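Here is how the chains run, residue by residue.
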Amino acid sequence: MTARSRVVTVDLPGIRRNAQRYRDGGHPLIARLDHDACGLGLERVGAALRGHADWLAVDDLRSAGALRSAGVTEPILALSSAGADAAPAGVHIAVSSIADARAAAHAGAAGVHIVVDCGGAWRGAGASEAALLAEHTPIAVSGLMGVYGPETSPEQAAAVFGGIEPWIQLRHVHGTRGASQAGPGETVRVGRGLFGIPGDPGDAEQGGESVLRLTGTIVLVKRILAGEGVSYGYIHRAERDSRIALVTGGYADGVCRALGSAAWALVAGQARPIVGRIAMDVLVVDVGSAPASPGDEVVLLGDPDRGEPGLAEWAGASGLSAVELVAGIGPRVIREYQE
Amino acid sequence: MSAESALPAVRAEVDLAAFDRNLTQVRARVEPAQLMFVVKSDAYTHGAATLVPRAIRAGVRWVGCLELETAVAVRAQAGEGARLFAWLLAPDDDLAAGRAANVDLGVGAIDVLEAVAAAPGTAPARVHLKADTGLNRNGVRREEWPAFVERAAQLERAGRIRVVGILSHISEASDADDDAARNLFDTAVVQARAAGLRPQLLHLAASAAAFQRPEFRYDMVRIGAFCYGIAPAGGPHETELGLTPVLSLIAPVVDVREDGSRAIVPVGSLNGLPSSAAGRVTVSVAGMPMPVREIRRGALVVDCSTAPVRVGETVTVFGSGPGALTATAWAEQIDTIGEEIVLRLDRRIPRVYVG
């Protein structure tokens, strides 16, 4: 198969529109681009956000350097000081302890954002530790970053956060889930909301417009007779004579196995079921009478508003979260960008 | 609380000694059939650039590459003597490059057969014809097979191709389904011979059938999972098969929270660990199995209330070693297979070779 047989297309103007929604609401924006911008490509997404975000947050100093090399001039918040010995210019580091703050000072960071646990987070200092840290840090405190776990509501987190070190001016506690509860002018720190990735069912904020589209390519089309099985374990048997297409895209590409016989694809504009087990590299679609030939593109994941299969459906069928499904799109899948 | 940068890094350790032992075990088990070592998806994310030369030095002759682009890249790793096999081909692939790299081509559709024969190349293209024996994926259906092999024989007589093998792929739905597939395969071979073809290499089985069912081995078996020490979900364990997981995901404890009852390990669902496994799996902390309570985006939250844990201790998330679950054991908890757990693992986590 040609290299372009599996593609994820990233709509960069769509990401900018999603970013603009927060700024239009009066919220300065920290764009979270950790985990390689959720696998969509740190450098390209970061460069596309020049002038459209107030800050960019990344995993570590190596990622911060990559953004600077990509021409990003906005201030950067590195979520850890790992990855490089020295911080590029204008890079601040998130710290949870005096040891972290010393490492940040040693790396020559422009400042630190003190991370505080506002309820059920896996990182961050407690309120009293944060106060000690603010007092004893060997480097300028440039921000306060609140974090909270999935069991903590945005309101609970905000209540804790509000009482901590009120003199620190740049304060951010809410991510995509809590952004709608942010007060006037309050900075938000948004990741999946930039990428149109829905949250759990019931979350107030559902993630903005869809910006990614995953396609596979038809390898071959052939007939199948009623009663015949498809793929490993024959979990699907054809109910009637039909046509099937073998399509590139398997669990190595992030089309998880749990989607076998539980999801659908868009073939020549028609919604057609994925049948049988998803293999490592390929899947099978019952294309029925839809026009389908080798080389044709098949949409596996895209914008539900355009009649394409959506992330919420994949999440429901797989038991995984939408954000991990996006991050799980595999390395063989070519990233292409709509400018 | 700690400075993460001072701790050992998150890494995927690839144990080359275990890989060597697995290869030895697999080859002994399937003899006299040959082993085709399958390296698609960068050797199941273990790193083909390291494992392919290692396997060749151990005497492996055949390498399964899935796609032509992979095969062309693997040629540089494997050297000229190795036989490389690609079997997911499209008519618009760069088949001339495949022929130039001396790749054996698995052909399962008439349009691909014609494109292979028409691709520029001086020596005849080496072709393995793929029959569909019930899996309904790649391969030619039984009612179209006689015409397909007739055409292949014509192209062989014309000097454009040489049919060196016939293959298929079984469902492992049940022994009876696999027996039915094998009967269809034998019929396909008889029909190919009747058309005048003289295939020397018949291959049908992958890991599981190659081990359990000798009559499925024919001349060659295509094995990925077992070479990497990945056992079948719901089947015999690695130890029963004489295999060791090659890849282990290792990470440090970076924090201990909630009065010492929760250890934080900085690898999470955005690194490929399925969040649906939370509450169902354990990880090994300094050799002790401990339950994973939550799988957050960037971290595991591990219940260490039964034994004290210190920041900096080493955690085996999955793989081999005392107290660690294998990838297959993780997979069984969420109704999938070990390959998916390994293949989802974040490629940005460095592969570190040991042993």
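Here the structure is shown first, and the text comes after it.
Computed from a predicted structure; not experimentally measured.

Reading guide: rules and limits
Residues numbered from 1 in each chain as written. Chains lettered and ligands numbered in written order. Predicted model: local features only at pLDDT ≥ 70, side-chain atom pairs only at ≥ 80, totals over all residues. Heavy atoms only, no water. Helix = DSSP H or I, 4+ residues; strand = E, 2+ residues; numbered from the N terminus. Rg over C-alpha atoms; globule rule 2.2 N^0.38 Å. Buried < 20%, exposed > 50% of the residue type's maximum accessible area, 1.4 Å probe, protein only. Contact = heavy atoms within 4.5 Å. Areas by Shrake-Rupley, 256 points an atom, 1.4 Å probe, with all protein chains shown as cover. Lys, Arg positive; Asp, Glu negative; His and termini not counted. Charge placed at Lys NZ, Arg CZ, Asp CG, Glu CD. Phe/Tyr/Trp six-rings, centres within 6.5 Å; stacked < 30°, edge-to-face > 60°. Lys NZ or Arg CZ within 6 Å of the ring centre and 35° of its normal. Salt bridge = Lys/Arg side-chain N within 4 Å of Asp/Glu carboxyl O. Pairing = 2+ DSSP bridges.

*Asks:* So what's going on with the overall build of chain B? Residues and values would help.
*Replies:* A count of helices and strands for chain B gives 12 helices and 17 strands. In summary, chain B has a C-alpha radius of gyration of 23 Å against a globular reference of 20 Å for 355 residues, a match within 12%. Expressed as a percentage of its 355 residues, the buried residues of chain B come to 59%. Across chain B, every contact between residues at least 6 apart in sequence was considered, and the portion connecting residues at least 24 apart equals 65%. Of the roughly 12600 Å² of accessible surface on chain B, 51% is carried by carbon and sulfur atoms. On chain B, the mean spot of the 37 positive side-chain charges and the mean spot of the 41 negative ones are 4 Å from each other.

*Asks:* Tell me what's going on with the packing of aromatic side chains, and back it up with residues and numbers.
*Replies:* Two descriptors summarise a pair of aromatic rings, namely the distance from one centre to the other and the angle between the planes of the rings. Following the criterion strictly, the structure yields 8 aromatic pairs over all chains and no others. In this structure an aromatic cluster arises from ring pairing among B:Phe19, B:Phe37, B:Tyr44 and B:Tyr228. A:Arg171 extends its terminal NZ or CZ atom over the ring of A:Phe161, reaching a point 4.9 Å from the ring centre. Note that B:Arg182 overlies the ring of B:Phe216, its terminal NZ or CZ placed 5.2 Å from the centroid.

*Asks:* Explain the pattern of salt bridges residue by residue, including any values.
*Replies:* Charged atoms that come close allow side chains of opposite charge to pair. Enumeration according to the criterion identifies 36 salt bridges over all chains in this entry. Measuring nitrogen to oxygen at the nearest pair gives 2.9 Å for the salt bridge that ties A:Asp34 to A:Arg32. Each member of the pair, A:Asp34 together with A:Arg32, is buried. Members of the salt-bridge network, linked through shared partners, are A:Arg6, A:Asp253, A:Asp281, A:Arg332, B:Lys40 and B:Glu67.

*Asks:* Which residues make up the pairing of strand β12 (residues 262-265) of chain B, and what values go with them?
*Replies:* Residues and elements named next belong to chain B. Taking every second residue as pointing to the same face, both faces of β12 are buried, with Arg262 and Ile264 on one and Ala263 and Val265 on the other. Sheet analysis places strand β11 (residues 255-257) next to β12, joined by 3 bridges and oriented antiparallel. Bridge pairing links Arg257 to Arg262 in β12. Linkage of β11 to β12, two consecutive antiparallel strands, is achieved through a turn of 4 residues, within which Glu258 is found at a positive phi near 50°. Strand direction decides the pairing type here: β12 and strand β15 (residues 300-303), joined by 4 bridges, are antiparallel. Residue pairing in the sheet places Ala263 in a bridge with Val302 of β15.

Without other data, these values stay purely geometric and don't point to any function.
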